[in-house]
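Given next are the chains, with one letter for each unit.
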Amino acid sequence: NLIGCALEIQKSHKFLMTIRTNKLIKNLKMCLILTEWIYELSKISDGICALLCDAFELKQIEEFLDVEVYLPRKVAGFLRDIFLTLMADQNFKMKLAKSYVKKLPKISENYISGKGCSEHSIFVLSVQFLNRSAFV
């Protein structure tokens, strides 16, 4: 069985792999298109940026942080770019910071266990709100 073989290879060689159905591939392509579109929208004007900031709730941000390590690199990259752009809004920045701090143990656990690549991770956002000047 193909899945059993893949699991065996994964265990013996200590690397992660995925088997993707056509439906999942289509969904991932749609996610890429949507995240790129939202990113471009966020840069149009302060008004649209504010609307997008209001649309994100803490729970949604936390869910994105939970799955970021499993997203394709391009989708995760656009998601980080969206968050960076929306951080111009202080309320959104605070929501993201709260979510990040809450999810930091899980995020760290993923990277410690070899999931994801820290150079392309959500960790890059922390410098935007975990610095001394943010608290002064």
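Look above for the structure.
Read on for a plain summary of the structure.

## Brief notes about the environment of Leu125
For Leu125, the location among the structural elements is in the loop between helix H6 (90-112) and helix H7 (126-129). In this structure Leu125 comes out as buried when scored by relative accessible area, which is 0%. Setting aside chain neighbours within four positions, we find Leu125 in contact with Arg80, Phe83, Leu84, Met87 and Leu96.

## Quick notes on the packing of aromatic side chains
Ring pairs (aromatic) are described by centroid distance and by the angle formed between their planes. Counting across every chain of the model gives six aromatic pairs. Taken together, a centroid distance of 5.8 Å and an interplanar angle of 45 degrees make the contact between Phe83 and Phe92 tilted. An aromatic cluster is present here, built from Phe56, Phe64, Phe83 and Phe92 joined pairwise through their rings.

## Regarding the nonpolar core
Core analysis: the biggest nonpolar cluster contains 22 residues, and Phe56, Ile61, Phe83, Leu86, Phe92, Leu96 and Ile122 have the highest contact counts within it. Of all elements in the fold, only helix H2 (22-42), helix H3 (46-55), helix H4 (58-67), helix H5 (73-86) and H6 reach the threshold of two or more residues within this core. Beyond its immediate sequence surroundings of up to four residues, Leu86 is in contact with Ser42, Cys49, Leu52, Cys53, Phe56 and Phe92.

## Some thoughts on the pattern of salt bridges
Following the criterion strictly, the structure yields five salt bridges and no others. The salt bridge involving Glu63 is made with Lys59; its shortest N-O contact spans 3.8 Å. Of this pair, Glu63 and Lys59 both sit in helix H4, four residues apart, which is roughly one turn of the helix. For Lys102, the salt bridge is made with Glu62, and the minimal N-O distance between the two is 3.4 Å. Of this pair, Lys102 sits in helix H6 while Glu62 sits in helix H4, and the two are 40 residues apart along the sequence. You can call Glu62 buried: its relative accessible area is 13%.

## Some words on the packing of H4 against H6
Viewed as axis vectors pointing N to C, H4 and H6 meet at an angle of 30 degrees, and their least axial separation amounts to 9 Å. When the axis of H4 is compared with that of H6, the two are roughly parallel. Classified by chirality, the crossing of H6 by H4 is right-handed. Contact residues: Leu58, Ile61, Glu62, Leu65 and Asp66 in H4; Phe92, Lys95, Leu96, Lys98, Ser99, Tyr100, Lys102, Lys103, Lys106, Ile107 and Asn110 in H6. Residues belonging to the contact of H4 with H6 are distributed by class as follows: seven nonpolar, two polar and seven charged.

Conventions and cut-offs
Residues numbered from 1 in each chain as written. Predicted model: local features only at pLDDT ≥ 70, side-chain atom pairs only at ≥ 80, totals over all residues. Heavy atoms only, no water. Helix = DSSP H or I, 4+ residues; strand = E, 2+ residues; numbered from the N terminus. Buried < 20%, exposed > 50% of the residue type's maximum accessible area, 1.4 Å probe, protein only. Contact = heavy atoms within 4.5 Å. Phe/Tyr/Trp six-rings, centres within 6.5 Å; stacked < 30°, edge-to-face > 60°. Core = buried A, V, L, I, M, F, W, Y, C linked by side-chain atoms within 4.5 Å. Salt bridge = Lys/Arg side-chain N within 4 Å of Asp/Glu carboxyl O. Axes fitted to C-alpha atoms, helices over the stretch in contact; angles between N-to-C directions. Parallel < 35°, antiparallel > 145°, perpendicular 65-115°, else oblique. Left-handed = near helix turned anticlockwise from the far one by under 90°. Nonpolar A, V, L, I, M, F, W, Y, C, P; charged D, E, K, R; others polar.

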